[in-house]
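Breakdown of the fold
Here's the letter readout for the chains.
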Amino acid sequence: MSSDEIREKYLKFFEERGHARIEPSPLVLENDPTTLFTSAGMQPLVPYLKGEPHPKGKRLVDIQPSFRTVDIDEVGDNRHLTFFEMLGNWSLGDYFKKDQLEWCLEFFIEELGLAKDKLWVSVFEGTKEVPKDTESTEVWKSLGIPEDRIFYYGVKENWWSRRGTPEAMPTGEIGGPDSEVFFEFDIPHDPKFGEKCHPNCNCGRFIEIGNSVFIQYQKKGDGTLSELPQKNVDFGGGVERIAAAVNNTPDIFQTDIFKPTIAKLEEETKNKYGEAEEKDRRFRVIADHLRAAVAIASEGVYPSNKQQGYILRRLIRRAALNLQKLSKASALSLSEEVTKSLTEKEETATLIGEEVGKFEKALKKGEAMVKGHPKLDPFDLYQSYGIPYEVSEELFHDAGRALTEKDKKDFEEKLAKHQKLSRELSAGVFKGGLADTSREVVRLHTATHLIHAALRKILGEHVSQKGSNITSERLRFDFSHPEKLSEEEIKKIEDLVNEQIEKDLQVSFEEKTYDEASQEGALAFFGEKYGKKVKMYTIGDFSKEVCGGPHVKSTSEIGHVKIIKQEKLGAGVVRIYATIEVK
Ligand code: SER
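If you're wondering where the values come from, they're calculated on a predicted model, not measured in any experiment.

When you tally the buried positions in strand β3 (residues 83-91), you get nine out of nine residues, the bulk of the element. With burial as the criterion, each face of β3 is covered, one bearing F83, E85, L87, N89 and S91 and the other bearing F84, M86, G88 and W90. Of the strand pairs in this sheet, strand β2 (residues 59-67) and β3 are connected by nine bridges, and their pairing is antiparallel. Bridged to L60 within β3 is W90. One ladder, built from six bridges, connects β3 with strand β11 (residues 233-238); its direction is antiparallel. If you follow M86 over to β11, its bridge partner there is G238.

Below is the structure:
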């Protein structure tokens, strides 16, 4: 059975039982600063689980793309993913345990054809505050699940909230006991994971295919739990895992969801999947991470050093590293082939390719550096090439040096200090819309001056700066101009900027009074922001601007500038975005 059939059957099954289909939320929630990604179908439904009426009623169903950073290090085995699709149905104070568990079983057995004797379940064993869930046990028994396939677990396994156990829930958070269904594969228990096998054993014999959470509690300020005004059901089941069970393959990477990617990787890297555990782990990390990266990047996230962008960067870089280990071919072209098979959006594939390209270049330089200087400080490697500690470990290992727990501590301390300093600097001295003072930001800052001057030379002197914002991945520049730029104008501006870069013009500054600087023709549109003495930055004879810095020393440090997007912001203001292209 294909995963599409599973999705369709699920929606239909619950629609037939009075559930309204709702649109899934985006992966990056716009108005929720508490979380980076949607990680469960219930996340956008929290107000309704707390009692607010939902416009579509009390019974809802959907399929929610979800991303869980907590699982990132688990990826590589036969069943963990960062990005997955979650089948979800909800009762907002309507039906409860009996209907939910009955339908859940009916769906797995009647609709998907899973053998009843391969299904095991788990139930909440209770705490001092919350009673043992004997009600669910009775329902399972009445449905024909024998007692020896019903297991009790505590808060770690059978309590669900977005933050985990009742203790970890912050005030106001909702949650409750849950009951999970597991599918048993025909494979022996691996004693490496403990003497006895059981549904929550990690040996891979069991896979969890569905979780019915009975959300009926809310955490109070005094640390205890109170009953919500209504008793809810929150069911979630991963499509990828259900597909593995339905097709009786313990490896989710053998389902139709991943097969094409694995096949593509086999073809491109000239390796076979299923031959060696170490290689299989690499295949899985690449397949999961690139799929997740495509999903995240498709929602407009760029790789960066912060928040969602940081996760995206980590996913892409880890995939790139594993690609390099699997094949001598360039990770850039390999990743392009794989991402092209995962998305039709060309810009997404390009964005991922660029990040892989950047990483590959940095890695090559780092590798050479470590070979020549095995005593080098891993933090210097991070600062010069952005190579994370865990990657450094491998590079140093190849160069014959095993990094120690002390090395690691030293790195972490230096990193924390560096981050603190750059926060202070960006909050204080270097205003002017810079996210931080990293190498990328500084390069883009000088590029902004070049663009500003070029805009005035090509479009006319009416162009003046209205705003500027720079992050490590792009610059954003707002300026006065009546309409969007034509392709020809964009090309002319880019060419003019890149000509200056190639000329390797010197960037220098002098301290002047504000008046002196303006008399010399320096652009200074935010005069009121500067003190009496200002810095006037000059780039060759191309640009003169009053600015706090920092800048590169000469333009060849910038790289090739490309305008990637423009918008009309309103009357007479245009916004452009530009990046530094990897050549
Ligand atoms: N919220 C639960 C989960 O994510 C069930 O939907 O597992």
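Still to come is the rest of the account.
The environment of the ligand is formed by A40, M42, R68, M86, W160, N211, V213, D234, F235 and G236. In this structure, R68 approaches the ligand through a side-chain N or O atom, which is 2.8 Å from an oxygen atom. The separation between a nitrogen atom of the ligand and a polar side-chain atom of D234 is 2.6 Å. Relative to its free-state accessible area of 230 Å², the ligand is covered by the protein chains to the extent of 96%. Of all the secondary-structure elements, those providing two or more residues to the shell around the ligand are β8 (206-213) and β11. Of the residues forming the shell around the ligand, the biggest block, three residues, is contributed by β11. Classifying every residue of the shell around the ligand by side-chain character gives six nonpolar, two polar and two charged.

For the rest of this paragraph, the subject is the nonpolar core. In terms of nonpolar packing, the biggest core is built from 111 residues, with M42, F67, F108, W140 and I209 touching the most fellow members. Per element, the largest residue contribution to this core is ten residues, and it comes from helix α8 (residues 277-297). When neighbours within four sequence positions are excluded, W140 is seen to be in contact with L101, L105, V121, V123, I145, I150, S179 and V181. With 35 residues, the next largest nonpolar core counts L485, V497, V552 and I580 among its residues.

The rules behind these values
- Residues numbered from 1 in each chain as written.
- Predicted model: local features only at pLDDT ≥ 70, side-chain atom pairs only at ≥ 80, totals over all residues.
- Heavy atoms only, no water.
- Buried < 20%, exposed > 50% of the residue type's maximum accessible area, 1.4 Å probe, protein only.
- Helix = DSSP H or I, 4+ residues; strand = E, 2+ residues; numbered from the N terminus.
- Pairing = 2+ DSSP bridges.
- Near = heavy atom within 4 Å.
- Polar contact = N/O pair within 3.5 Å; in protein donor to acceptor, adjacent residues only side chain to side chain.
- Areas by Shrake-Rupley, 256 points an atom, 1.4 Å probe, with all protein chains shown as cover.
- Nonpolar A, V, L, I, M, F, W, Y, C, P; charged D, E, K, R; others polar.
- Core = buried A, V, L, I, M, F, W, Y, C linked by side-chain atoms within 4.5 Å.
- Contact = heavy atoms within 4.5 Å.

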